[in-house]
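The lines below spell out each chain.
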Amino acid sequence: MKKNFSLLFLLIISISLLGCSKTTTDPINKTIKVTPPPVVEPIKPVELAEPVGTASIPAFDKTAVMKASGKSVPVLMYHSIAYEKDNDIRLPVERFEEHMKYLKDNGYYPITLTDLYEYLMKDTPIPEKSIVLTFDDGYEDNYTAMFPVLKKYGFKATIFVITSNIDKDPKSMTSQQLLEMEKFGVDIESHTVNHEHLKELSKDKQLETLGQSKKDLEKILNKQINFLAYPYGEYNKSALEAAKEVGYTMAFSTDGRWSSKKNGMLSLDRVYIGSSHNMKVFIERITNPNYKFVN
Ligand SMILES: [Zn+2]
């Protein structure tokens, strides 16, 4: 009789404890186990107080809905984050922040280009609401205005820089600034040496600007450069071959659709974001995968 009473007592304790920890209990697993509650707290995942490298940017939330394989992903293309009247490629920082706040509030995950590559090539899972933020040309305001917003939201991004401007053009970022951003987890990749119209160049000249910009950045950043954005979104058959020959594994145009493997890994689309677009247009561009967005 006494034994039965103890068992009943344990059962009540166990059930009430399960009730308390409802939020951490897998809702699918409804089996109630009649075992005494553990005395020791379960081991929590390791949290580094001082994160290394890109760890200051939050990792994926494991509860996120994952994207089915083979789907397209919106890769947004920004340029300068500044105000200039009637200049569509310059987006004031207040409006840029509005975009980032929208992404945060609506559960988007800005992923890296490496994440995108792994997803497209190997089906490595990414969250359903993955998005890629890219910035072309390497404007200094990417460091002074955009970078603080990125840090505030803990977002990942890629900047495609024109390498001949580094440490030379006062409106472009210095190698020191690039290094600092890279350390935080902002990916720096190639946008050629001189922002050439690739279609107007011979194959040799294409090889030169694509290869040299890659080497320049590898020297400055001490990492391998894998990705490229074609200036003006322009490329031709020999530019595709040249990009492949010098070792790029993924390259982007500006054709206005979400990025999909079926467009070819060296001719992926991006979605343009300009200052003439209001918030409604921005939202449409990040929610509609089947539309070609003309600048
Ligand atoms: Zn450009």
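Let me begin by describing the structure that accompanies this report. Just so we're clear, the structure is a prediction, and the values are computed from it rather than from any experiment.

### Here we look at the pairing of strand E4 (residues 158-161)
Residue alternation in E4 divides its side chains into two sets, Thr158 and Phe160 and Ile159 and Val161, and both sets are buried. Pairing geometry for strand E3 (residues 130-137) and E4, over four bridges, is parallel. From the neighbouring strand, Asp137 faces E4, where its bridge partner is Val161. As for the winding sense of the linkage, the β-α-β connection from E3 through helix H4 (residues 141-153) to E4 is right-handed. As defined by bridge partners, E4 adjoins strand E5 (residues 187-190) across four bridges and the pair is classed as parallel. Bridge pairing in E5 places Phe160 opposite Glu189.

### Details of the environment of Thr144
With respect to the helices and strands, the residue Thr144 is situated in helix H4. Along the sequence, Thr144 and Ile81 sit 63 residues apart, while their C-alpha atoms lie 9.0 Å from each other.

### A word on the pattern of salt bridges
Inspection of the entire model under this criterion finds 15 salt bridges. We note a salt bridge from Arg90 to Asp141, for which the minimum N-O separation is 3.7 Å. Residue Arg90 is located in the loop between strand E1 (75-78) and helix H2 (93-105), and its partner Asp141 is located in helix H4; the two are separated by 51 residues in the primary sequence. With relative accessibility at 18%, the residue Arg90 sits in the buried group. Arg270 is paired through a salt bridge with Asp136; the nearest N and O atoms lie 2.8 Å apart. On the criterion of sequence distance, the pair formed by Arg270 in the loop between strand E7 (250-252) and strand E8 (271-272) and Asp136 in strand E3 is long-range, its members being 134 residues apart.

### Describing the coordination of the zinc ion
Within the protein, the zinc ion binds to Asp137 (OD), His191 (NE2) and His195 (NE2); these donor distances fall in the range 2.1 to 2.2 Å. Going along the chain, you hit the donors of the zinc ion in the pattern D-x53-H-x3-H. A residue pair is termed long-range when its members are at least 10 positions apart, and Asp137 in strand E3 and His191 in the loop between E5 and helix H6 (203-221) qualify at 54 residues. Side by side, Asp137 and His191 carry an identical accessibility label, which is buried.

### Let's talk about helix H5 (residues 175-184)
Among all positions in H5, only Ser175, Gln177, Leu178, Met181, Glu182 and Phe184 are buried. If you follow the buried residues of H5, they end up packed against H4, E4, E5 and H6. Taken from the residues just after H5, Gly185 is the one with a positive phi, measuring 120°.

### Quick word on H2
Taking 1.5 Å as the rise per residue, H2 with 13 residues should run 18 Å; its terminal C-alpha atoms sit 18 Å apart, in good agreement. Every buried residue belonging to H2 is among Phe96, His99, Met100 and Leu103, and all of these are buried. Along the long axis of H2, the arc covered by the buried residues comes to 95°, so they all point the same way. Looking at H2, the residues exposed on the side facing more than 90 degrees away from the buried face are Glu94 and Asp105. Those residues of H2 hidden inside the fold are in contact with E1, E3, H4 and helix H8 (279-287). One or two positions beyond H2, positive phi appears at Gly107, with a value near 75°.

Conventions and cut-offs
- Residues numbered from 1 in each chain as written.
- Predicted model: local features only at pLDDT ≥ 70, side-chain atom pairs only at ≥ 80, totals over all residues.
- Heavy atoms only, no water.
- Buried < 20%, exposed > 50% of the residue type's maximum accessible area, 1.4 Å probe, protein only.
- Helix = DSSP H or I, 4+ residues; strand = E, 2+ residues; numbered from the N terminus.
- Pairing = 2+ DSSP bridges.
- Right-handed = clockwise from strand over helix to strand, strands pointing away.
- Salt bridge = Lys/Arg side-chain N within 4 Å of Asp/Glu carboxyl O.
- Donors = N, O, S within 2.8 Å, 3.2 Å for Na, K, Ca; no water.
- Contact = heavy atoms within 4.5 Å.
- Expected span 1.5 Å × (residues − 1).
- Arc of directions from axis to C-beta.

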